[in-house]
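Structure assessment
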Amino acid sequence: MPSAILPVSPLVAGLKCRCPRCGQGRLFSGPLNLRERCDQCGLGYAFVDTGDGPAVFAIFILGFLCLGGALIAEFKFGVPWWVHVLLWGVLTPIFAVFLLRFLKATLIALQFKNKAEEGRLAKE
Ligand SMILES: [Zn+2]
């Protein structure tokens, strides 16, 4: 464990998909699978609860980008239907995974920074 951990910006940690505490350890072990803990500072990721947040943001952002791109391709360039199928059928899942990684990492970093957790009626 590093001797002094400097605060990490949630946006930087999200963009790099790194640990929200130290900013060094990797957050994911696969495309979207979280590790159990940070391999640099040992922070356990059991507190993580992003729910559907990243998916909702990704749907809105990706829907706007892909629909806009499809409309531009259709009405400005007049591409045939099979180009749409190839273009959006390949690009949309790739964009979705990268966007979900970034959004999930950013929401985890924000959850860590703001100490967000489920509400309780009494303190333990
Ligand atoms: Zn860490």
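Presented here is an overview of the structure given in this document. (Residues numbered from 1 in each chain as written. Predicted model: local features only at pLDDT ≥ 70, side-chain atom pairs only at ≥ 80, totals over all residues. Heavy atoms only, no water.)

**Points about the packing of aromatic side chains**
Note the threshold: Here a pair means two rings of Phe, Tyr or Trp (six-membered ring of Trp) with centres within 6.5 Å. Their orientation is stacked below 30 degrees between planes, edge-to-face above 60, and tilted elsewhere. Only DSSP runs of H or I reaching four residues or more are called helices, and only runs of E reaching two or more are called strands; each is numbered from the N terminus. Exposure categories follow from relative accessible area, calculated using a 1.4 Å probe and restricted to protein chains: below 20% of the type maximum is buried, above 50% is exposed, and the middle band is partly exposed.
Throughout the structure, instances matching the rule amount to one aromatic pair. Geometrically, the ring pair formed by Phe-47 and Phe-112 is tilted, given 5.8 Å between the ring centres and 50 degrees between the ring planes. With Phe-47 in the loop between helix H1 (10-16) and helix H2 (53-75) and Phe-112 in helix H3 (residues 81-113), this residue pair connects regions lying 65 residues apart in the sequence. In this structure Phe-47 comes out as partly exposed when scored by relative accessible area, which is 29%.

**Some words on the coordination of the zinc ion**
Note the cut-off: For Na, K and Ca the donor cut-off is 3.2 Å, while for other metals it is 2.8 Å, and in both cases only N, O and S atoms qualify; water is not among them, so sites may look incomplete. Labels for metal geometry use angle windows, namely 85 to 135 degrees for all angles of a four-donor tetrahedral site, and for square planar (four donors) or octahedral (six donors) sites opposite donors over 155 degrees apart plus all others within 65 to 115; sites meeting none of these are irregular.
Coordination of the zinc ion by the protein comes from Cys-19 (SG), Cys-22 (SG), Cys-38 (SG) and Cys-41 (SG), over a distance range of 2.3 Å. Seen from the zinc ion, its four donor atoms lie at angles of 106 to 115 degrees, and the figure they make is tetrahedral. For Cys-22, a relative accessible area of 10% puts it in the buried group. Owing to a relative accessible area of 6%, Cys-41 belongs among the buried residues under this scheme.

Interpretation in functional terms is not warranted from these geometric data alone.
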